[in-house]
Amino acid sequence: DLSHFEIFKHEKYKQASIEKLKEIKLKIASQRYNYESEICGIEKWFPIISSEELRDKSVLDLGCAGGGCLVYWKERYQFGETKGIDMNPSFEEAGRLFSQQKGVDIEFRTGYGENLPYESNCFDFIISNDVFEHVHDVEKVMNECFRVLKSDGKLLVRFPQYLQPLESHS
């Protein structure tokens, strides 16, 4: 399953040539791009937001993985300044490679939600899909999100049941 960071722990990945690594990273991003286009994008995950609200807005994807969803979203919703951040440097590279391949201007970085490397009050939207159940300190992440959001910005967060005994995702 190329959608999870565990792929980078596999021996095939660790021993792959530079060209093969690039191919795998592009495949990771492409797989998420195609998945997102099939499920109809942000309105599926966050039906309270309209596509018009997103046009020309500054957007951060917190936990962007390989960037495939973010590339699709930027194309579909015509975001303004767009950034993606994930804790895995291989995902940063995957996002950069894929966005360049698609001709979509997005800045990808490696970092953590507990310490976002962005100025205060700079994003109209933060989108975070299936991330908050993985962070070390939810309160710190929330504080950082509200720090970097503009005063009228919106935080769109989706995650499975949190800290439930039968939740396999926690």
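Residues numbered from 1 in each chain as written. Predicted model: local features only at pLDDT ≥ 70, side-chain atom pairs only at ≥ 80, totals over all residues. Heavy atoms only, no water.

Novice: Explain the packing of aromatic side chains here, please?
Specialist: By convention here, two paired aromatic rings are described through the distance between centres and the angle between planes. Counted according to the given criterion, the structure contains 5 aromatic pairs. Ring centres of Tyr77 and Phe79 lie 6.2 Å apart, and the angle between their planes is 15 degrees; this geometry places the pair in the stacked category. Measuring from ring centre to ring centre gives 6.2 Å for Phe132 and Phe159, while their planes differ by 15 degrees; the resulting arrangement is stacked. Here Phe132, found in the loop between β4 (123–129) and α7 (138–148), pairs with Phe159, found in the segment after β5 (149–158); they are 27 residues apart in sequence, far enough to count as distant. On the accessibility criterion, Phe132 (3% relative accessible area) is buried. (Phe/Tyr/Trp six-rings, centres within 6.5 Å; stacked < 30°, edge-to-face > 60°. Helix = DSSP H or I, 4+ residues; strand = E, 2+ residues; numbered from the N terminus. Buried < 20%, exposed > 50% of the residue type's maximum accessible area, 1.4 Å probe, protein only.)

Novice: What should I look at first to understand the pairing of β5 in this one?
Specialist: The side chains of a regular strand alternate between both faces of the sheet. Two elements, β4 and β5, share 6 bridges in a ladder whose sense is parallel. Note that in β5 the partner of Ile126 across the bridge is Leu155. At this point the chain moves from β4, through α7, to the parallel β5, and the crossover so formed is right-handed. (Pairing = 2+ DSSP bridges. Right-handed = clockwise from strand over helix to strand, strands pointing away.)

Novice: Hey, could you run me through helix α2 (residues 18–39) in this one?
Specialist: Each α-helix turn comprises 3.6 residues. Residues three or four places apart therefore point the same way. With 22 residues, α2 should reach 32 Å at 1.5 Å per residue; the first-to-last C-alpha distance of 32 Å fits that figure. Taken together, the buried positions of α2 are occupied by Leu21, Ile24, Lys25, Leu26, Ile28, Ala29, Tyr33, Glu36 and Ile39. Contacts from the buried residues of α2 go to α1 (11–14), α3 (42–45), α5 (68–77) and α6 (89–102). In the stretch just after α2, Cys40 is the one whose phi turns positive, near 80 degrees. (Expected span 1.5 Å × (residues − 1). Contact = heavy atoms within 4.5 Å.)

Novice: Would you explain the pattern of salt bridges in this entry?
Specialist: Pairing between side chains of opposite charge can happen when the charged atoms of each approach one another. With the rule as written, the count across this model stands at 10 salt bridges. Two residues, Glu23 and Lys20, come together in a salt bridge whose shortest N-O distance is 3.2 Å. Of this pair, Glu23 and Lys20 both sit in helix α2, 3 residues apart, which is roughly one turn of the helix. Classification of Lys20 as partly exposed rests on a relative accessible area of 38%. Residue Glu43 pairs with Arg76 through a salt bridge whose shortest N-O separation is 3.1 Å. With a gap of 33 residues between them, Glu43 in helix α3 and Arg76 in helix α5 connect regions that are remote in the sequence. The exposure class assigned to Glu43 is partly exposed, which follows from its relative accessible area of 29%. We classify Arg76 as partly exposed; its relative accessible area is 36%. Shared partners join several salt bridges into a network, and the residues in it are Glu81, Lys83 and Glu107. (Salt bridge = Lys/Arg side-chain N within 4 Å of Asp/Glu carboxyl O.)

Novice: Sorry if this is basic, but what is going on with the pairing of strand β2 (residues 82–86) here?
Specialist: Counting buried residues in β2 gives 5 out of 5 residues, a clear majority hidden from the surface. Alternating positions in β2 separate into two faces, Thr82, Gly84 and Asp86 on one and Lys83 and Ile85 on the other, with burial throughout. One ladder, built from 4 bridges, connects strand β1 (residues 59–62) with β2; its direction is parallel. In the strand pairing of β2, Val59 is matched with Thr82. With respect to chirality, the unit in which β1 leads through α5 into the neighbouring parallel β2 is right-handed. Taken together, the 4 bridges between β2 and strand β3 (residues 107–110) define a ladder with parallel strand orientation. Bridged to Lys83 within β3 is Glu107. In terms of handedness, the path from β2 via α6 over to β3 forms a crossover that is right-handed.

Distances and angles like these do not, on their own, reveal function.
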